[in-house]
Every structure is written in C-alpha cells, then in structure tokens.
Amino acid sequence: MAVLRILQLDTSFPRPAGDVASPLSYRLDVDISIIPQACVDNIVTKDADNFDISAFKQAVTQAEEPLVITSCGFMIYWQDVLAEAATGEFISSSLTALPALCQRFDPRRILVLTFDDTVLSSPLFSSHLDGFSGHVMGLDATSHLYRVIAQDLTELDTNRASKELCAQLAPVLQQHDIGLILLECTNLSVYKKDLRRIFDGEIVDMLSLVEARRPGLVKQTYL
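Residues numbered from 1 in each chain as written. Predicted model: local features only at pLDDT ≥ 70, side-chain atom pairs only at ≥ 80, totals over all residues. Heavy atoms only, no water.

Chemist: What is the right way to look at the overall build of the chain in this model?
Modeler: Along the backbone of the chain there are 10 helices and 8 strands. The C-alpha radius of gyration of the chain comes to 16 Å, within 12% of the 17 Å expected for a compact globule of 223 residues. Dimensions along the principal axes, computed over C-alpha positions, put the chain at roughly 45 × 35 × 35 Å. Considering the chain as a whole, with its 223 residues, one finds that 52% of them fall into the buried category. At a minimum sequence separation of 6, the contacts of the chain that also span at least 24 residues come to 70%. Averaging the positions of the 18 positive and the 29 negative side-chain charges in the chain gives two centres separated by 7 Å. (Helix = DSSP H or I, 4+ residues; strand = E, 2+ residues; numbered from the N terminus. Rg over C-alpha atoms; globule rule 2.2 N^0.38 Å. Buried < 20%, exposed > 50% of the residue type's maximum accessible area, 1.4 Å probe, protein only. Contact = heavy atoms within 4.5 Å. Lys, Arg positive; Asp, Glu negative; His and termini not counted. Charge placed at Lys NZ, Arg CZ, Asp CG, Glu CD.)

Okay, structure coming up:
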C-alpha cells in the first residue's frame, strides 16, 4: 500500500515532475484520486463555501494511506472538516504551515506565492490564514502559467512559465527583505530550482511538508 494519497482537482493541464500531483516527484508509488467536478473555478473562488465537498469527504474517509494531501492550496478552506473525517493525517495546503513559519520568521519577511492573490486575500480565505500579515503575490493573470491553470489548457511551456514567474518575482524581492517564500500553489513547485537562482532564502511548499512527515518519499531534486 502506498503511504500517500493525493486528492487532485478535476483538471487536465500538465503536471510535470516537481508538481505535487506528478508521480515523477516521488521515490515510491503514490495514489492519486481525481475528485469529480472539483475544477479550479469551484475551489479558487470567493464563493467557495457554496461548493459541495462531499466527494472530498468520501475520498478522505475511504483513504487507507496514513497521509492524505490535496493538489490545491485553496483547499485550506476545508482543512478542519476534512481532517476530522480522515482516519490518518490530512494536509489540505502548504498554508497550514504558516503559523509555525511565523514563529521562525517575522511575517514581514515571508512571501506567499499564490495562484490568485485577490481570492486568497478575501475575507473568506484570510480568516483561515491565522491572521497572516506578510506579503502575498498572485500570478499575473496574463501570464502563460496562469492561463494554463485557469483555462485548463493541455499544453504547458515550462521554460516560458519559469521566465515569467521569475520576472514577476524579482522586483518584489528587490523591494522587500524576504527570508522565506511559501508556495501556496502546488503547480509552482516545478519551478523551485529557477526561483533559487534569484532567491537565496528558504522555500516551503507541499512537498516540503510531505517529506517532513515521510522522509525519503520525495525525490531530492524536487525539494
């Protein structure tokens, strides 16, 4: 039996190695369950409380793996209810690490990289961030990666996505004293090597949390 089950949104866009929902990111086999009708628009929205999470709850309840995670950081909205339904440990999002990270870093030195900052900063989600007062940066809505995810496109140019992401991030790093970057969006983990070319601080993502709980599961090159 696998030690990790990933609850993936109902999407078709590519998930290259380094993505949380790519089997190539792990040393051992992992189980991936696609949750029907859990599209990006239903999860990354200010109306998330209207989404029926019964399929997620059923998947969490039936999972036999000791650790269950999701492929989207915005699932933090349902962290408590799904964790209560799980028989093992459940982690909805890398954002669950924020309280502990704020004990190690001044929040003003933390940058959350997210798919959509307008949604994450809305009252619906901000209440789940434990009062985080640091920096939040969303992907440029005109960028290649944003459009691939938002429109569920089947082709992804990782080189273009990386260049655009680093170009957007560089001015923020120059303006602020950032010591840690937290990747809310699990699709951003693919670009950690590229981010480290312009940032020498710590990067935390869902793969970091998985590796902390199951040492040796994540391939070293993607940590």
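Chemist: Please explain the sheet that holds strand E3 (residues 67-70) as it appears in this structure.
Modeler: Sheet strands associate in pairs through backbone hydrogen bonding, adopting either a parallel or an antiparallel arrangement. Spatially, 4 strands are ordered E2-E1-E3-E4 in an open sheet, and the strand pairing comes out parallel. The strands lining the two open edges of the sheet, one partner per strand, are strand E2 (31-34) and strand E4 (89-91). Taking the axes of each pair of neighbouring strands and ignoring which way they run, one obtains an average angle of 20° across the sheet. Where E3 lies against E4, 3 bridges are found, and the strand directions are parallel. Note on E4: the bridge partner recorded for Val-68 is Phe-90. (Pairing = 2+ DSSP bridges. Axes fitted to C-alpha atoms, helices over the stretch in contact; angles between N-to-C directions.)

Chemist: Where do I start with the pattern of salt bridges in this structure?
Modeler: Side-chain pairs of opposite charge can arise where the charged atoms are in close proximity. Under the defined criterion, the tally for this structure stands at 10 salt bridges. The shortest N-O distance in the salt bridge between Arg-15 and Asp-19 comes to 3.3 Å. Here the two residues Arg-15 and Asp-19 agree in accessibility, since each one is buried. Where Arg-160 meets Glu-164, a salt bridge forms, and the shortest distance between an N and an O atom there is 3.1 Å. (Salt bridge = Lys/Arg side-chain N within 4 Å of Asp/Glu carboxyl O.)

Chemist: Would you explain the sheet that holds strand E5 (residues 110-114) in this entry?
Modeler: The sheet built from 4 strands is open, its strands ordered E6-E5-E7-E8 with parallel pairing. A single partner strand is all that each edge strand has here, and the edge strands are strand E6 (135-138) and strand E8 (202-204). If you compare each strand with its neighbour and ignore which way they point, the axes differ by 20° on average. Two elements, strand E7 (residues 180-183) and E8, share 3 bridges in a ladder whose sense is parallel. Paired with Leu-180 across the two strands is Glu-202, which belongs to E8. Strands in contact with helix H8 (residues 158-175) are E5, E6 and E7; relative to E6, the strand with the most contacts, it is inclined by about 160°.

Chemist: Whenever I open this one, the pairing of strand E1 (residues 4-8) confuses me. Can you help?
Modeler: Here is the key point about a regular strand: its side chains alternate between the two faces of the sheet. Among the 5 residues that make up E1, 5 are buried, leaving the element largely enclosed by the rest of the structure. Neither face of E1 is exposed, since Leu-4, Ile-6 and Gln-8 on one face and Arg-5 and Leu-7 on the opposite face are all buried. Sheet topology note: the E1/E3 ladder contains 4 bridges and is parallel. Pairing of Leu-4 across the sheet is with Leu-67, part of E3.

Chemist: Sorry, what's going on with unusual backbone geometry here?
Modeler: Leave glycine aside and you will find that most residues have negative phi; peptide bonds, for their part, are mostly trans. Despite not being glycine, Gln-37 shows a phi value in the positive range, around 70°. The topology assignment puts Gln-37 in the loop between E2 and helix H1 (40-43). The phi torsion at Asp-152 lies on the positive side, around 50°, for a residue other than glycine. One can find Asp-152 in the loop between helix H7 (144-150) and H8. A relative accessible area of 27% means that Asp-152 is categorised as partly exposed.

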